[in-house]
Amino acid sequence: MTVLTKAPPDAPPGTPPDAGASAGPELPVLRRRWPLTSVALVLGIASLPMLMPAGLPPGPGNTGLPDLALIGLVAVTLLWASGRGLPVRWPFLVPTLMTIIAGGIAAVVNQAGTLTLVKDLFVLMWAVCIANLGRDPKALRLALRAFVAIGTLYAVIEILGMVLGIEAMSGKQLDGERAMFTFGDANYASNWFICVFFITRATRYPRKTWHRWAVCAILLTAEGLTGSNGGLLALCVALLLGYLFGLIRAGRAHHAIAVGSLAFFVAGAGVAVVTTVDIQPYLDRASQMSPVLRDSIGRTTGESTESRSSVNAATVQMLEEQTHPWGIGPNQTRPQMLARQYGYVREAHNDYIAAVLERGFLGGIALVTLLFVLIMRCVRIARRGALTAEYAALVPRPEMFGALLAVFLVSALFYQTLHYRHGWAFFGLVAALDLFGRRAAPGGRPAGTPDDPDGPAAEGAR
């Protein structure tokens, strides 16, 4: 930070600028309030949804503005760390390398899908940059507030675009009424707004309760306009889990068990009703109330269910027909469907199936490893008293990050969410709290020291 002072006005010529500074009145101090790291961090977060701004098509290899912003953020992060002599942490490196190795073997065997391996490493850098900058609580505070403020602004823009009929603002589908914002995909947009919603809940920012509830209402409205059934299901599951995690963290595990049992019973009864009663007439009646409802819940037992059933059946058949255990190649589900002349051609709308189908059994192991690491990090930071006072003030409700992770795990049943750029940025927030925000480990060593089994020496296992 640059600080400039000047000599007292009555000092003789040639007096150094700081000479006699304590004798006179305090002079204004010029400070560089927005260092380069802060600018790069905010611009990077702001760029995350900008995949198809104003309907513009993506670049080569499905690249976009977020990738350009990430290159700048990586450069700034490395300069920031080297200038302070700090080691660069690589959270989630081992699961990512396992994924790349599995994809590389599949790409060599099938001679296709090599470009996707670069994307795997690229999305990891979002987590690396945010986690390392999160070593500074002020930078982490800026990142968290940028997510909330920018996400809310984007939600307002989407809502106004839908109300005013400005498709460049809302990203409304050409063949429907669902809002896609600047993602080019309504489900992608839904996941973004849900992500910002849970970051708002975790940070309790804005501080005033009614301000915070207003922000949450805006974000949920924007999510609702996307008409994503999978997003709505993931949101409901995560809200329940967030409440249960909060009860457990407060030492009321018996209440959590009771509420969880009741929710399980209600959900089971609901599934039984849906599978035994024809609810389509009721859905048709509800869908007539709004075009968004027509394109969301109106498709629940019709087009949406049939299309996903067709994709799942096709991918399972492709799994059964595999002659080797290495997979068909990264991002090769759609090309293979075209080659086999399937009637319904789509990408694998399921992260779990896609990992095994495209990268073989090694891809499945890599995915399980990544999920295990994510869950363990969320558990560690959500324990009562786990965070230092400085980091706990930034994230008073860290259990909400566990609920947000559940959003990705549930959504992965319907979409390939584990390659979302903003998802890896969120993983970086979790890693920052786990690496730098936890209290001293048993034995007096701070978490993150070389002798700590949860520190850098064990970082490769994460």
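Shown above is the structure to which this text applies.
Here the structure is a predicted model, which is why all the values come from computation and not from measurement.

Rules of the game
- Residues numbered from 1 in each chain as written.
- Predicted model: local features only at pLDDT ≥ 70, side-chain atom pairs only at ≥ 80, totals over all residues.
- Heavy atoms only, no water.
- Helix = DSSP H or I, 4+ residues; strand = E, 2+ residues; numbered from the N terminus.
- Buried < 20%, exposed > 50% of the residue type's maximum accessible area, 1.4 Å probe, protein only.
- Contact = heavy atoms within 4.5 Å.
- Areas by Shrake-Rupley, 256 points an atom, 1.4 Å probe, with all protein chains shown as cover.
- Phe/Tyr/Trp six-rings, centres within 6.5 Å; stacked < 30°, edge-to-face > 60°.
- Patch = residues over 30% accessible without salt bridge, like charges linked within 9 Å, V, L, I, M, F, W, Y side chains within 5 Å.
- Salt bridge = Lys/Arg side-chain N within 4 Å of Asp/Glu carboxyl O.

Draft legend 1. Broad picture of the overall build of the protein chain. The helix and strand inventory of the protein chain stands at 18 helices and zero strands. Out of the 462 residues in the protein chain, the part that is buried amounts to 47%. Across the protein chain, every contact between residues at least 6 apart in sequence was considered, and the portion connecting residues at least 24 apart equals 73%. For the protein chain, the computed accessible surface area is about 22,300 Å², with 66% contributed by carbon and sulfur atoms.

Draft legend 2. Structural context of the packing of aromatic side chains. With the rule as written, the count across this model stands at 17 aromatic pairs. Geometrically, the ring pair formed by F147 and W192 is tilted, given 6.1 Å between the ring centres and 40° between the ring planes. A residue pair is termed long-range when its members are at least 10 positions apart, and F147 in helix α5 (residues 137-164) and W192 in helix α7 (residues 186-203) qualify at 45 residues. Residue classification places F147 among the buried residues on the basis of a relative accessible area of 0%. Note on W326 and F361: the rings are 5.8 Å apart at their centroids and 45° apart in plane angle, and the pair reads as tilted. One end of the pair, W326, is in the loop between α13 (303-320) and α14 (333-339); the other, F361, is in helix α15 (residues 351-382), and 35 residues separate them in sequence. Residue W326 is classed as partly exposed on the basis of its relative accessible area of 31%. In this structure F361 comes out as partly exposed when scored by relative accessible area, which is 41%. Connected via pairs of aromatic rings, a cluster forms that spans F147, Y154, F181, F183, Y188, W192, F193 and Y420.

Draft legend 3. Main features of unusual backbone geometry. Of note, the bond from Y205 into P206 is cis; its omega dihedral lies within 30 degrees of zero at 5°. Along the chain, P206 turns up in the loop between α7 and α8 (209-225). For R204, which is not a glycine, the phi torsion comes out positive at approximately 55°. Tracing the chain through its elements places R204 in the loop between α7 and α8.

Draft legend 4. Seen up close, a nonpolar patch on the surface. A contiguous nonpolar surface patch, about 430 Å² in accessible area, is contributed by V156, L160, V163, L164 and I166. Tracing the chain through its elements places V156 in helix α5. Looking at V156, the relative accessible area reads 31%, which means it is partly exposed.

Draft legend 5. Region of the structure containing the pattern of salt bridges. The full count for this structure, using the stated rule, is eight salt bridges. Across the salt bridge formed by D434 and R377, the nearest N and O atoms sit 2.5 Å from each other. Here the residue D434 occupies a position in helix α18 (residues 421-436), and R377 occupies one in helix α15, the gap between them amounting to 57 residues. As far as burial versus exposure is concerned, D434 and R377 are alike and both buried. Residue R397 pairs with E399 through a salt bridge whose shortest N-O separation is 3.0 Å. A relative accessible area of 5% places E399 in the buried class. Among the charged side chains, a network of salt bridges with common partners joins R377, R380, D434 and R438.

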